[in-house]
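# Architecture and fold: a report
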Amino acid sequence: MELIVTEKDNAARRIAEILSGDSASTERRNGVNVYRWGDKRCVGLSGHVVGVDFPAEYADWRDVQPVELVDAEIVKTPTQENIVRTLKELAKGADEATIATDYDREGELIGKEAYELIREETDIPIDRVRFSSITENEVTEAFENPDDLDFDLAAAGEARQIIDLLWGAALTRFLSLSAGQLGDDFISVGRVQSPTLKLIVDREREIQAFDPDDYWELFADLLKGDTAFEAQYFTREDGTENERVWDETAASEAFEQLQGAREAIVESVRRRTRTDDPPEPFNTTQYISSASSIGLSAQKAMSVAEELYTAGYITYPRTDNTVYPDDLDPETLLGAFTDHYLFGEDADSLLDADEIEPTEGDEETTDHPPIHPTGEIPDRDDLSDDEWEVYELVVRHFFATVADPAEWEHLKVVADANGCLLKANGKRLVDPGYHEVYPYRSTSENYVPDVEESEVLNIEDARIEAKQTQPPRRRGQSRLIQEMSDLGIGTKSTRHNTLQKLYDRGYIESDPPRPTKLAIAVVEAAEKFADRIVDEEMTAQLEADMRTIVDGEKDLEEVTDDSRAMLERIFGELHDSRAEIGEHLRESMKADRTLGPCPDCGESLLVRRSRQGSYFVGCDGFPDCRYTLPLPNQGEPTVLDETCSEHDLKHVKMLAGRSTFVHGCPQCKADEADETDDEIIGVCPECGDTSAAGGEGGDLAIKRLRNGSRLVGCTRYPECEYSLPLPRRGDIEVTEDVCQEHDLPHLLVTDGEDDEDPWELGCPICNYAEYRERQTASGLEDLDGIGSKTVEKLAAAGIDSLEDLRGADTETVAAEIQGVSEDRLREWQAQANASVAAD
Ligand SMILES: [Zn+2]
Ligand SMILES: [Zn+2]
Ligand SMILES: [Zn+2]
Ligand SMILES: [Zn+2]
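The residue numbers shown here count from 1 along each chain, following its written sequence. Numbering of ligands from 1 and lettering of chains from A proceed in the order in which they are written. Given that this is a predicted model, residues contribute local features only at a pLDDT of at least 70 and side-chain atom pairs are listed and counted only at 80 or more, while totals for whole chains, interfaces and linings are drawn from all residues. Just so you know, side-chain values use all the structure's heavy atoms and leave hydrogens and water out.

## What to know about the overall build of the protein
If you tally the helices and strands in the protein, you get 24 helices and 31 strands. Counting only C-alpha atoms and orienting by the principal axes, one finds that the protein spans roughly 95 × 85 × 65 Å. Of the contacts formed within the protein by residues at least 6 apart in sequence, a portion of 65% connects residues at least 24 apart. Accessibility throughout is a Shrake-Rupley quantity obtained with a 1.4 Å probe, and a residue counts as covered only by protein chains that appear here. As displayed, the protein has an accessible area near 41,000 Å², and 41% of this comes from carbon and sulfur atoms. Charge assignment: positive for Lys and Arg, negative for Asp and Glu; neither His nor the chain ends contribute. In this description, the location of a charge corresponds to atom NZ of lysine, CZ of arginine, CG of aspartate or CD of glutamate. Across the protein, the 85 positively charged side chains and the 184 negatively charged ones have centroids separated by 5 Å. Secondary structure elements are taken from DSSP: a helix is a run of H or I of four residues or more, a strand is a run of E of two residues or more, and numbering for both begins at the N terminus. When checking whether two residues touch, look at their non-hydrogen atoms; a contact exists if any pair is within 4.5 Å.

## Some thoughts on the coordination of the zinc ion (ligand 3)
Counted as donors are N, O and S atoms no farther than 2.8 Å from the metal, or 3.2 Å for Na, K and Ca; water is not among the atoms, and sites may therefore look incomplete. In this structure, Cys684 (SG), Cys687 (SG), Cys714 (SG) and Cys720 (SG) serve as the protein donors to the zinc ion (ligand 3), at separations of 2.2 to 2.3 Å. Between the donor residues of the zinc ion (ligand 3), the gaps in sequence give the motif C-x2-C-x26-C-x5-C. Of the two residues, Cys684 is situated in the loop between β25 (679-683) and β26 (699-704) and Cys720 in the loop between β27 (710-714) and β28 (723-725); the sequence distance between them amounts to 36 residues. Here Cys720 falls in the buried class, since its relative accessible area comes to 5%. The buried label goes to any residue with under 20% of its type's maximum accessible area, the exposed label to any with over 50%, and the partly exposed label to all in between, with areas taken from a 1.4 Å probe on protein chains only.

## Things to note about the coordination of the zinc ion (ligand 1)
Binding of the zinc ion (ligand 1) to the protein goes through Cys598 (SG), Cys601 (SG), Cys619 (SG) and Cys625 (SG), at separations of 2.2 to 2.4 Å. Coordination at the zinc ion (ligand 1) comes from four donor atoms whose angles at the metal span 96 to 113°, giving a geometry best classed as tetrahedral. The sequence pattern formed by the donor residues of the zinc ion (ligand 1) is C-x2-C-x17-C-x5-C. Of this pair, Cys601 sits in the loop between β18 (594-597) and β19 (604-609) while Cys619 sits in strand β20 (residues 615-619), and the two are 18 residues apart along the sequence. Cys601 gets classed as partly exposed once you look at its relative accessible area, which sits at 38%. Look at Cys619 and you get buried, because its relative accessible area is 2%. For a four-donor site, all angles between 85 and 135 degrees give tetrahedral; for four or six donors, opposite pairs above 155 degrees with the remaining angles between 65 and 115 give square planar or octahedral; all remaining cases count as irregular.

## Description of empty space enclosed by the protein
With a 1 Å grid laid over protein atoms only, a set of points is called a cavity when a 1.4 Å probe fits there but cannot get out and a pocket when it is open yet has protein on both sides within 12 Å along at least five of seven lines; lining residues have an atom within 4 Å of a point. Grid points are joined across faces, edges and corners, and a volume is the space filled by probe spheres set on the points. With the rule as written, the count across this model stands at three cavities of 30 Å³ or more. Looking at the largest cavity, its volume works out to about 70 Å³. Residues are grouped as follows: Ala, Val, Leu, Ile, Met, Phe, Trp, Tyr, Cys and Pro are nonpolar; Asp, Glu, Lys and Arg are charged; every other residue, Gly included, is polar. Here the residues of the lining of the largest cavity sort into 11 nonpolar, no polar and no charged.

## Observations regarding the nonpolar core
The biggest cluster of nonpolar side chains holds 122 residues, and the ones touching the most others in it are Phe131, Trp167, Tyr287, Tyr391 and Phe399. Apart from residues lying up to four places away in sequence, Tyr391 is in contact with Leu308, Tyr313, Ile314, Phe337, Phe343, Pro373, Glu376, Ile377, Pro378 and Leu383. Val245, Leu258, Ala264 and Leu457 belong to the second largest nonpolar core, which has 27 residues in total. We call a set of buried residues a nonpolar core when its members are Ala, Val, Leu, Ile, Met, Phe, Trp, Tyr or Cys and they connect through side-chain atoms within 4.5 Å of each other.

## What about the packing of aromatic side chains?
Each Phe, Tyr or Trp ring (for Trp, its six-membered ring) is paired with any other whose centre lies within 6.5 Å, and the angle between the two planes then decides the class: stacked below 30 degrees, edge-to-face above 60, tilted in between. Here the structure, examined in full by the defined rule, presents 18 aromatic pairs. With a centroid separation of 6.2 Å and an interplanar angle of 90°, the aromatic rings of Phe343 and Phe399 are classed as edge-to-face. Taken together, the residues span a long stretch of sequence, with Phe343 in the loop between α10 (330-335) and α11 (344-351) and Phe399 in helix α12 (residues 385-401) at a distance of 56 residues. Assigned by exposure class, Phe343 and Phe399 land together as buried. For the pair Trp388 and Tyr391, a centre-to-centre distance of 5.7 Å together with 45° between the ring planes defines the contact as tilted.

## What to know about helix α8 (residues 284-293)
Inspection of α8 places Thr284, Thr285, Tyr287, Ile288, Ser290 and Ala291 among the buried residues, and these make up the whole buried set. Elements in contact with the buried residues of α8: α9 (298-310), α12, α13 (477-487) and α14 (495-504). Note on α8: the residue one or two positions beyond its end, Gly295, has a positive phi of about 90°.

## Here we look at the sheet that holds β18
Pairing in this open sheet of four strands is antiparallel, and the strands run β18-β19-β20-β21 from one edge to the other. Edge strands, defined here as strands with exactly one partner in the open sheet, are β18 and β21 (628-630). Between one strand axis and the next, the sheet turns through 30° on average, direction left out of account. Any two strands between which DSSP finds at least two bridges are classified as paired. Here the axes come from fitting lines to C-alpha atoms, over the contacting stretch only for helices, and the angles between their N-to-C directions go from 0 to 180 degrees.

Dropping the structure here:
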């Protein structure tokens, strides 16, 4: 029997389909899919199925000094027990094996891990096959020409794994222990994570150190006939044009002069055409950046691209290459799209060109081609919306790279108005070129009419604008990934995960990411005591070391030993500063939670957590001062920079996934509740009817709570606890309509006065009953992005309710359902969990 091992389950299914001519059947072993046809068995891993770790005796953070980790033995332990077991069982019955993991350094290491697991059972021959897209041609050809595993390449990946573990674990434990942060709130440091964090922190420091300058800009409208166009004031100095006036007096003098002008005489008209080249072929970084322009985060962009790759629709999405290989024939590939309802017309028009010459970038590698469509076109219905949008982006990007450049006509008009120089820049797209097949770049034009030299134009509406120079901007995620790539931090496969980790650890927040005080303190501590971990030099050194391993000049042992020695030296320096570092970290973490002065005692008000796990605002002077303010019970609070001018307290934002909202100043919220009278809308159905037994005459009222939420509740609270929920946001209006059944007015929720589409909430009792009913149906369709079709697919995978979804193993389910990624399942699972918490 021949055993074939792939990197993921969906790749295994796809490869089995191709090699078996669609005749493979599926059997489950230890909960793992095994595809079989003839005497072949094909099984997918889950990326790494073993991980590097320290032996168990090092597990207790309190028992082991962090420095002891530096020389600790490193063991490999299974991280995916079921897959490891299945692989070994299959190996026993095999007389040959083929490793078909992804074709890159990480894939080589994953392949070697499988190789070693098979070797533990048997010494059958083990081949390696490599391909860049899971299409019939490439896969068949790869299996016809098998090769050997590249052990040096795998060893390079392994060295990085070990060094990352050593540095990450040792320094993470050191910082966490010195700050007294154990358990879930540990302070993590990492070889890739920390230099990335430093990039973000450094930009924040520039922003904070920025001292703005005032300047003024002047504008006026010029008229050609009835057509007005905007022109900007400027001065000339040594051949350069300055639009900004830095001196206030000079600015107002110029403005007076400009206001005095009745007409402007055209001094010069300059036309030139500019060629706008089509984009280079997609590498990973450029792809992530383009995907961000259609609204996908880096993490999302990569997971969607991986789905499309494994399904055979696009080539491998992790690549640095920006030059199409010789064996890619653009005409043939375009030909695959000519009959398509959506792409056909564009493909035809591109094929009409006399010559098809793709663009090329600077980086040419031989492992993978730039990302491009394979020519196997998916059905629109088989893909999710995100997948389809990404697929279309990749197709259109390929189209663009073989399309003609675009041409713009630029028109610059300079005119003299009463001694003031004015200029207007127009641009017009005269030949759309690649823009015709690639709608992702701006083609907005700026109209300036044709005028002649010495033509006299009327002038009107002179304006002056006071401005300030702006600090550098925070980088967005795709910009950061670009920067990491330029500095060689991380790899194309990991960069997006690194950012996600920084969010998860509470080091960065918002988008574009902004560092927390803790993040700044961690970077400071690292800079002071272990600057190599935040230094891009360490990254560069490691890259160089890895290359020497790949080339066979050094071995894994030598490289990891050097790294251990360096880490040992760092611990020598850290030892004496432990108390100081711990103090600084603790203070910064407190600063991240500080809102401002306590109105009772002047100490700081902090976000705190009760024993039951709920958040509130409490005083640092506790137990002497017992001042508190409530916080909403949905989400996790973070403290914003905005400060309430009345209470000098910072605003609070509640992070709750898609329901994230800004709570604002907790003191204002509490005061508003105290000052708002309950608005009575009817009789309490529980205790209102005085003629019935237990009737006490309670009324129902719209109430505002001190934590910012609202509800309909009984006026006899707390004696009567009857209540109905109301939305947190919007103004609630009590209308004239009355519910016949409950004798309560219909409510209307508006977004301010001129809301054209208010939410007709109706009778609060009926509304709540409907809400409960929707919740209990299957519940699944209530989750974002799940339609009836997905409900069917989920049911086929054994998921019939929210309950099932909560207990599901996302990886296995993702493998079973076509077109649903693991990430999506995780999102839905989180929503399902949240719906339980909300009940
Ligand atoms: Zn206080
Ligand atoms: Zn306030
Ligand atoms: Zn009541
Ligand atoms: Zn009703």
